[in-house]
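Residues per chain, in single letters:
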Amino acid sequence: MFSKGLPHFASGVVIKGFGRGSKQLGIPTANFPESVVDSLPQELNTGVYYGWANVDGGPVYKMVMSIGWNPYYKNTKKSMETHILHTFPDDFYGSLLRVCLLGYIRPERDFQSLDDLIAAIKADIVVADEALEKSEMLQYKQDDFFHTNNVEDLCR
Ligand code: ADP
Ligand code: RBF
Ligand code: MG
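Residues numbered from 1 in each chain as written. Chains lettered and ligands numbered in written order. Predicted model: local features only at pLDDT ≥ 70, side-chain atom pairs only at ≥ 80, totals over all residues. Heavy atoms only, no water.

## Brief notes about unusual backbone geometry
Residue L6 is joined to P7 through a cis peptide bond whose omega torsion reads 0°. Residue placement: P7 occurs in the segment before β1 (8-13). Residue D56 is not a glycine yet carries a positive backbone phi of 50°. With respect to the helices, strands and loops of the structure, D56 is situated in the loop between β3 (47-55) and β4 (61-68). (Helix = DSSP H or I, 4+ residues; strand = E, 2+ residues; numbered from the N terminus.)

## So, the pattern of salt bridges
The tally for this structure, following the rule as stated, stands at 3 salt bridges. Between D129 and K62 there is a salt bridge, and its shortest N-O distance comes to 2.6 Å. Highlighted residues: D129 in helix α3 (residues 114-131) and K62 in strand β4, separated in sequence by 67 residues. A relative accessible area of 13% places K62 in the buried class. The partner of D124 in a salt bridge is R106, and the shortest N-O contact between them spans 2.8 Å. Residue D124 is found in helix α3, and its partner R106 is found in strand β6 (residues 96-106); the two are separated by 18 residues along the sequence. (Salt bridge = Lys/Arg side-chain N within 4 Å of Asp/Glu carboxyl O. Buried < 20%, exposed > 50% of the residue type's maximum accessible area, 1.4 Å probe, protein only.)

As structure tokens, then:
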């Protein structure tokens, strides 16, 4: 049911990214520091994932995540960016973001235009929204990983 390396739990403090998410794409993405990216299991492929996320121990929402090189932007560093399917009143840079990766949607693609990239991301969001309604995915929304305060659990 789960592809290799999943479910994967990760957490980290949200940092400033490339500054082109909510502005240019209208799809803000919370970026993880390099240390979190480097601690991803080797068998986890780059590409687009879906799962659950919460900020500072708050409510758990659906999310989509891109792990990769963002070929459209020819990034040099691998990035791990999370778009939470929820409208937040304010930015949450510096907050603790916890994520649980459950499903793999597709590999990253080098799009010909920004509109194509945006359309693809919006389609990923639809896929994630539906997939996370399945009972085997919903069960992770209640996982105590999202609300625990002892560090050991955060590194699971
Ligand atoms: P950056 O390039 O610095 O990552 P973005 O334009 O991608 O900036 O916006 C990401 C920031 O927007 C996040 O760090 C977070 O503080 C904020 N934000 C607001 N709503 C969301 C959301 N639904 N999902 C992800 N980040 C969000
Ligand atoms: N960037 C790409 O170059 N190719 C992709 O296929 C791609 N897919 C993405 C899918 C999702 C769900 C998200 C949140 C981001 C994706 N990105 C992709 C990364 C995107 O270029 C990046 O988030 C913005 O440029 C902000 O840094
Ligand atoms: Mg971002």
